[in-house]
Amino acid sequence: MAQAKLEIIEALRRTAKKIEAGNQYMWGHMGSCNCGNLAQEITKRTKAEIHAFAMQRHGDWNEQLNDYCETSVMPIDLIIFELLTSGFSLEDLQNLEKLSDKKILMRLPIENRYLRHNVRADVVVYLTEWANMLEEQLLDSIKLPDFLQEKALEYA
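Parameters and conventions
Residues numbered from 1 in each chain as written. Predicted model: local features only at pLDDT ≥ 70, side-chain atom pairs only at ≥ 80, totals over all residues. Heavy atoms only, no water. Helix = DSSP H or I, 4+ residues; strand = E, 2+ residues; numbered from the N terminus. Expected span 1.5 Å × (residues − 1). Contact = heavy atoms within 4.5 Å. Phe/Tyr/Trp six-rings, centres within 6.5 Å; stacked < 30°, edge-to-face > 60°. Buried < 20%, exposed > 50% of the residue type's maximum accessible area, 1.4 Å probe, protein only.

1. Quick look at helix α8 (residues 120-141)
Piece 1. Helix length check: α8, at 22 residues, gives a terminal C-alpha distance of 32 Å against a target of 32 Å (1.5 Å per residue), a fit within 8%.
Piece 2. Buried-residue contacts for α8 involve α1 (6-20), α2 (34-43), α6 (90-98) and α7 (102-105).

Next comes the structure, spelled out in structure tokens:
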């Protein structure tokens, strides 16, 4: 699972907001799909650059992620490397492309768990819930000094 850190949470939220606000979204386009939109946010590359890099090798994002090699100089591997070093895992990215992470889906109301991987609104729901989950993990990891915890209990 992606690292529960502020930069990741903010990147997921910005990506969701941009897609919701009308950022180009086309699941079959390597620079405008689920991973492509996140890659734009993380790498600051355009959808055209990401797509052109991906087209130098075969396959969709899942195949590109399966073929990823950290020592490769293939441009798409450099994009994937940036995503990984920012705090995402290969599995995170594969799940994003198909909206399939069970931990994220189980947080949604049962009637909303069957997200379609190629529908803009469903991608926004997935990214937003993923950010919410990581934010909760981050907040849970913050430990207050004992004297602050005692004060908090006094006010509760």
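The discussion continues.
2. A word on the packing of aromatic side chains
Piece 1. If you walk through the whole model with that rule in mind, you get 2 aromatic pairs.
Piece 2. Between Phe88 and Trp130, the ring centres sit 5.6 Å apart and the planes meet at 70 degrees, which makes this aromatic pair edge-to-face. Separated by 42 residues along the polypeptide, Phe88 in the loop between α5 (75-86) and α6 and Trp130 in helix α8 bring together distant segments of the chain. The burial state of Phe88 is the same as that of Trp130; both residues are buried.
Piece 3. When the ring of Tyr126 is compared with that of Trp130, the centres are 6.1 Å apart and the planes differ by 65 degrees; the resulting orientation is edge-to-face. Taken together, the residues span about one helical turn, with Tyr126 and Trp130 both in helix α8 at a distance of 4 residues.

3. Overview of the environment of Ala121
Piece 1. Mapped onto the secondary structure, Ala121 falls in helix α8.
Piece 2. Looking at Ala121, the relative accessible area reads 48%, which means it is partly exposed.
Piece 3. The spatial distance from the C-alpha of Ala121 to the C-alpha of Glu20 is 7.0 Å, given a sequence separation of 101 residues.

4. A closer look at unusual backbone geometry
Piece 1. Of note, the phi angle at Lys44 is positive, near 65 degrees, even though the residue is not glycine.
Piece 2. The topology assignment puts Lys44 in the loop between α2 and α3 (47-54).
Piece 3. Within the chain, Leu99 stands out as a residue other than glycine whose phi angle is a positive 50 degrees.
Piece 4. Mapped onto the secondary structure, Leu99 falls in the loop between α6 and α7.

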